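Here is how the chains run, residue by residue.
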Amino acid sequence: MKLFLDSGALIARAIKNDKNHAAAKQVFHGLSQRKLPYRLLYTSNFVVDETLTFLLYRAGARTALAVLTWIRESPNVRVLHVSEEIEPFVDREFRRYALSGISYTDCTTKVLMEQESINTAFGFDRDLEVLGLHRIP
(Lines give C-alpha, C1' and ligand atoms only; values in the text may rest on other atoms or scores of the structure.)
Protein backbone atom coordinates (compact mmCIF):
# COMPACT_ATOMS: atom_id res chain seq x y z
CA MET A 1 0.00 0.00 0.00
CA LYS A 2 1.01 3.60 -0.63
CA LEU A 3 1.31 6.39 1.95
CA PHE A 4 1.81 10.10 1.31
CA LEU A 5 4.04 11.90 3.83
CA ASP A 6 2.78 15.40 4.59
CA SER A 7 4.98 18.14 6.03
CA GLY A 8 3.40 17.84 9.47
CA ALA A 9 4.61 14.25 9.79
CA LEU A 10 8.13 15.13 8.67
CA ILE A 11 8.31 18.17 10.93
CA ALA A 12 6.93 16.36 13.98
CA ARG A 13 9.44 13.54 13.47
CA ALA A 14 12.33 16.03 13.37
CA ILE A 15 11.45 18.32 16.27
CA LYS A 16 11.53 16.60 19.64
CA ASN A 17 9.39 19.21 21.42
CA ASP A 18 6.71 19.25 18.71
CA LYS A 19 3.30 18.38 20.16
CA ASN A 20 2.99 15.54 17.61
CA HIS A 21 6.53 14.18 17.95
CA ALA A 22 5.59 11.05 19.91
CA ALA A 23 2.80 10.16 17.49
CA ALA A 24 5.04 10.77 14.47
CA LYS A 25 7.81 8.68 15.96
CA GLN A 26 5.36 5.86 16.66
CA VAL A 27 4.09 5.83 13.07
CA PHE A 28 7.58 6.01 11.56
CA HIS A 29 8.64 3.16 13.86
CA GLY A 30 5.62 1.15 12.73
CA LEU A 31 6.56 1.80 9.12
CA SER A 32 10.19 0.78 9.62
CA GLN A 33 9.19 -2.39 11.48
CA ARG A 34 6.54 -3.21 8.86
CA LYS A 35 3.82 -3.17 11.50
CA LEU A 36 1.78 -0.87 9.25
CA PRO A 37 0.63 -1.97 5.78
CA TYR A 38 2.38 0.85 3.88
CA ARG A 39 5.46 -0.12 1.88
CA LEU A 40 5.65 2.70 -0.65
CA LEU A 41 6.15 6.18 0.80
CA TYR A 42 5.58 9.31 -1.24
CA THR A 43 5.86 13.03 -0.74
CA SER A 44 6.12 15.97 -3.14
CA ASN A 45 8.59 18.64 -4.08
CA PHE A 46 6.15 21.20 -2.63
CA VAL A 47 6.00 19.32 0.68
CA VAL A 48 9.79 19.04 0.75
CA ASP A 49 10.04 22.80 0.23
CA GLU A 50 7.44 23.52 2.92
CA THR A 51 9.11 21.14 5.38
CA LEU A 52 12.68 22.26 4.90
CA THR A 53 11.81 25.96 4.99
CA PHE A 54 9.87 25.51 8.23
CA LEU A 55 12.65 23.44 9.80
CA LEU A 56 15.38 25.85 8.71
CA TYR A 57 13.72 28.77 10.49
CA ARG A 58 12.34 26.89 13.51
CA ALA A 59 14.90 24.19 14.22
CA GLY A 60 18.01 25.29 12.34
CA ALA A 61 20.08 24.25 9.38
CA ARG A 62 21.34 21.00 10.91
CA THR A 63 17.81 19.65 11.40
CA ALA A 64 16.66 20.79 7.96
CA LEU A 65 19.68 19.18 6.32
CA ALA A 66 19.17 15.93 8.24
CA VAL A 67 15.59 15.70 6.98
CA LEU A 68 16.68 16.50 3.43
CA THR A 69 19.30 13.75 3.62
CA TRP A 70 16.72 11.27 4.94
CA ILE A 71 14.28 12.10 2.14
CA ARG A 72 16.92 11.89 -0.60
CA GLU A 73 18.67 8.77 0.70
CA SER A 74 15.68 6.73 1.84
CA PRO A 75 15.08 3.88 -0.60
CA ASN A 76 11.41 3.84 0.39
CA VAL A 77 10.56 7.50 -0.30
CA ARG A 78 9.63 8.73 -3.75
CA VAL A 79 9.30 12.49 -4.32
CA LEU A 80 6.50 13.35 -6.72
CA HIS A 81 6.74 16.60 -8.67
CA VAL A 82 4.12 19.26 -9.18
CA SER A 83 4.45 19.87 -12.89
CA GLU A 84 3.03 22.39 -15.29
CA GLU A 85 0.69 19.70 -16.59
CA ILE A 86 -1.12 19.28 -13.28
CA GLU A 87 -1.23 22.94 -12.29
CA PRO A 88 -4.68 23.49 -13.87
CA PHE A 89 -6.05 20.68 -11.68
CA VAL A 90 -4.38 22.15 -8.60
CA ASP A 91 -5.72 25.61 -9.48
CA ARG A 92 -9.22 24.15 -9.74
CA GLU A 93 -8.93 22.58 -6.27
CA PHE A 94 -7.50 25.78 -4.80
CA ARG A 95 -10.39 27.81 -6.21
CA ARG A 96 -12.75 25.30 -4.66
CA TYR A 97 -11.14 25.29 -1.19
CA ALA A 98 -9.44 28.68 -0.79
CA LEU A 99 -12.33 30.18 1.18
CA SER A 100 -11.93 27.29 3.63
CA GLY A 101 -8.31 28.30 4.21
CA ILE A 102 -6.83 25.27 2.46
CA SER A 103 -3.28 25.92 1.24
CA TYR A 104 -2.15 25.59 -2.34
CA THR A 105 0.37 22.98 -1.19
CA ASP A 106 -2.43 20.87 0.31
CA CYS A 107 -4.28 21.13 -3.01
CA THR A 108 -1.17 19.83 -4.80
CA THR A 109 -1.14 16.92 -2.36
CA LYS A 110 -4.76 16.09 -3.18
CA VAL A 111 -4.13 16.11 -6.93
CA LEU A 112 -0.93 14.07 -6.70
CA MET A 113 -2.53 11.53 -4.40
CA GLU A 114 -5.43 11.10 -6.80
CA GLN A 115 -3.11 10.76 -9.81
CA GLU A 116 -0.92 8.18 -8.07
CA SER A 117 -3.83 6.28 -6.46
CA ILE A 118 -2.56 6.99 -2.96
CA ASN A 119 -5.40 6.57 -0.51
CA THR A 120 -3.82 7.66 2.77
CA ALA A 121 -1.75 10.61 3.96
CA PHE A 122 0.36 10.69 7.11
CA GLY A 123 0.12 14.09 8.71
CA PHE A 124 -1.48 16.09 11.46
CA ASP A 125 -3.18 18.69 9.28
CA ARG A 126 -6.96 18.38 9.46
CA ASP A 127 -7.12 20.26 6.17
CA LEU A 128 -6.34 16.96 4.49
CA GLU A 129 -9.65 15.65 5.76
CA VAL A 130 -11.46 18.75 4.48
CA LEU A 131 -10.05 17.81 1.07
CA GLY A 132 -11.63 14.38 1.46
CA LEU A 133 -8.37 12.54 2.07
CA HIS A 134 -7.91 9.72 4.54
CA ARG A 135 -5.28 10.63 7.12
CA ILE A 136 -3.29 8.79 9.76
CA PRO A 137 -2.64 8.77 12.67
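Please refer to the structure higher up on the page.
Per chain, residue numbering runs from 1 following the sequence as it is written. Local features in this predicted model are restricted to residues whose pLDDT is 70 or higher, and side-chain atom pairs enter the listing and the counts only when it is 80 or higher, whereas totals over whole chains, interfaces and linings include all residues. Side-chain metrics rest on all non-hydrogen atoms present in the structure, leaving aside hydrogens and water.

Colleague: Go over the overall build of the chain, please, and point to the residues and values.
Modeller: Helix and strand labels come from DSSP, where a helix needs a run of H or I of at least four residues and a strand needs a run of E of at least two; each type is numbered from the N terminus. Within the chain, the regular secondary structure consists of 7 helices and 5 strands. Listed N to C, the secondary structure of the chain is β-α-α-β-α-α-β-α-α-β-α-β in terms of helices and strands. Computed over the C-alpha atoms, the radius of gyration of the chain is 14 Å, within 12% of the 14 Å expected from 2.2 N^0.38 for a compact globule of 137 residues. Principal-axis analysis of the C-alpha atoms places the extent of the chain at approximately 35 × 35 × 25 Å. With a 1.4 Å probe rolled over the protein chains alone, any residue whose accessible area is under 20% of its type maximum counts as buried; one over 50% counts as exposed, and the rest are partly exposed. With 137 residues in all, the chain has 43% of them scored as buried. Contact criterion: two residues are considered in contact whenever any of their non-hydrogen atoms come within 4.5 Å of each other. Restricting to contacts in the chain with at least 6 residues of sequence separation, those with at least 24 account for 63%. Within the structure as shown, the chain displays about 7700 Å² of accessible surface, and the carbon and sulfur contribution to it stands at 50%. This count recognises Lys and Arg as positive and Asp and Glu as negative, with His and chain-terminal groups excluded. Charged side chains are reduced to one point each, which is NZ for Lys, CZ for Arg, CG for Asp and CD for Glu. Taken together, the 18 basic and 16 acidic charged side chains of the chain have centroids lying 10 Å from each other. Put simply, the radius of gyration uses C-alpha atoms, and a globule should come to 2.2 Å times the residue count raised to 0.38. Under the convention used here, a 1.4 Å probe and the Shrake-Rupley method define accessible areas, while residue burial counts only the protein chains that appear.

Colleague: Explain the sheet that holds strand β3 (residues 77–80) residue by residue, including any values.
Modeller: A pair of strands is considered paired only if DSSP assigns at least 2 bridges between the two. With respect to topology, 5 strands assemble into an open sheet ordered β3-β2-β1-β4-β5, the strand pairing being parallel. Taken across any chain shown, the strands that pair with only one partner, and hence form the sheet edges, are β3 and β5 (134–136). Sheet twist, expressed as the mean angle between neighbouring strand axes with direction ignored, is 35°. With 3 bridges connecting them, strand β1 (residues 2–5) and strand β2 (residues 40–44) associate as parallel partners. Across the sheet, residue Phe4 finds its bridge partner in β2, namely Tyr42. Between N-to-C directions, angles cover 0 to 180 degrees, with each direction set by a line fitted to C-alpha atoms, over the stretch in contact for helices. Running over the sheet, helix α2 (residues 21–32) touches β1, β2, β4 (120–122) and β5 and is turned about 125° from β4.

Colleague: Kindly report on helix α5 (residues 87–97), identifying the contributing residues and their values.
Modeller: Inspection of α5 places Val90, Glu93 and Tyr97 among the buried residues, and these make up the whole buried set. In a view along the axis of α5, the buried residues occupy a sector of 65°, so they form one face of it. Contacts from the buried residues of α5 go to α6 (104–115) and α7 (127–130). The arc under discussion is defined with respect to the helix axis, by the directions toward the C-beta atoms.

Colleague: So, the environment of Ile15: which residues are in play, and what are the values?
Modeller: If you trace the backbone, Ile15 turns up in the loop between α1 (7–14) and α2. On the basis of relative accessibility, which here comes to 13%, the residue Ile15 falls in the buried class. Between the C-alpha atoms of Ile15 and Leu41, which are 26 residues apart in sequence, the distance is 20 Å. Once residues lying within four places of it in the same chain are set aside, the contact partners of Ile15 are His21, Phe54, Leu55 and Ala59.

Colleague: Could you give an account of the packing of α1 against helix α3 (residues 45–58), naming the residues involved and the relevant values?
Modeller: For any two helices packed against each other, the geometry is given by the interaxial angle and the distance between the axes. Viewed as axis vectors pointing N to C, α1 and α3 meet at an angle of 35°, and their least axial separation amounts to 9 Å. Viewed along their axes, α1 and α3 form a crossing whose handedness is right-handed. Within the contact between the two elements, α1 uses Ser7, Leu10, Ile11 and Ala14 and α3 uses Val47, Glu50, Thr51, Phe54 and Leu55. When grouped by side-chain class, the residues that make up the contact of α1 with α3 number 6 nonpolar, 2 polar and 1 charged. Handedness of a crossing follows from how the near helix is turned relative to the far one, being left-handed for an anticlockwise turn of less than a right angle and right-handed for a clockwise one. Put simply, Ala, Val, Leu, Ile, Met, Phe, Trp, Tyr, Cys and Pro go in the nonpolar bin, Asp, Glu, Lys and Arg in the charged bin, and everything else, Gly too, in the polar bin.

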